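Spelled out, the chains give:
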Amino acid sequence: MDETGKLIGMIGDEDTITGFLLAGVGHRTAQSTNFLVVKPDTDISKIEETFNALSSREDIAIILINQEIANEIRHILKDYDKIVPTVLEIPSKEVPYDPEQDYIMQRINLMLGSNAQA
């Protein structure tokens, strides 16, 4: 890909993905997209497959994932150690953000020697 820019990958519920697509973040080619809309009947294997595909793409700089969906693939996220693409967990419309479940916040607290609990 041309070095003029990188994409944001997204894995989220319909409302979250729709918002980002309306903001112009979506990218689609004949081979792939940079997003996955997760519905209640979406298999965890599809979420895992999409995360692995997005995290191995050279044109993706950030992966945004709804925290409730991240919890479904936590076993993969705990072993993820790349800096780019960076994985950021975001809240959804239905489920508020919980910093105690965010693996990045857990790593930061571990490195700083602080406790995640207030």
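Up top is the structure these notes are about.
Computed from a prediction, not measured in an experiment: that's the story for all the values here. (Residues numbered from 1 in each chain as written. Predicted model: local features only at pLDDT ≥ 70, side-chain atom pairs only at ≥ 80, totals over all residues. Heavy atoms only, no water.)

Visitor: I keep staring at the overall build of the protein and nothing clicks. Help me out?
Guide: A tally of regular secondary structure across the protein gives 5 helices and 4 strands. Mapped from its N terminus to its C terminus, the protein presents α and β elements in the order β-α-β-α-β-α-α-β-α. Taken over the C-alpha trace, the protein has a radius of gyration of 15 Å; the compact-globule value for 118 residues is 13 Å, and the two agree within 12%. Along the first, second and third principal axes, the C-alpha set of the protein runs to 45 × 35 × 25 Å. Looking at the protein residue by residue over its 118 residues, the buried ones come to 35%. Accessible surface computed for the protein: about 7400 Å², of which carbon and sulfur atoms make up 54%. Positive and negative side-chain charges in the protein, numbering 10 and 20 respectively, have mean positions lying 3 Å apart. (Helix = DSSP H or I, 4+ residues; strand = E, 2+ residues; numbered from the N terminus. Rg over C-alpha atoms; globule rule 2.2 N^0.38 Å. Buried < 20%, exposed > 50% of the residue type's maximum accessible area, 1.4 Å probe, protein only. Areas by Shrake-Rupley, 256 points an atom, 1.4 Å probe, with all protein chains shown as cover. Lys, Arg positive; Asp, Glu negative; His and termini not counted. Charge placed at Lys NZ, Arg CZ, Asp CG, Glu CD.)

Visitor: Is there a simple way to think about the sheet that holds strand 4 (residues 86–90) in this case?
Guide: The strands making up a sheet associate through hydrogen bonds between their backbones, and the pairing can be parallel or antiparallel. On the basis of which strands lie adjacent, the open sheet formed by 4 strands has the order 2-1-3-4 and parallel pairing. Because the sheet does not close on itself, it has two edges, and the strands there are strand 2 (35–37) and strand 4. Recorded for the sheet is a direction-independent mean angle of 20° between the axes of neighbouring strands. One ladder, built from 3 bridges, connects strand 1 (residues 7–12) with strand 2; its direction is parallel. Among the inter-strand pairings, Gly12 is bridged to a residue of strand 2, identified as Val37. Contacts from helix 1 (residues 14–22) reach strand 1, strand 2, strand 3 (60–66) and strand 4, with the element oriented near 160° to strand 1. Set on the sheet, helix 2 (residues 44–56) makes contact with strand 1, strand 2, strand 3 and strand 4; between it and strand 1 the angle comes to about 170°. (Pairing = 2+ DSSP bridges. Axes fitted to C-alpha atoms, helices over the stretch in contact; angles between N-to-C directions. Contact = heavy atoms within 4.5 Å.)

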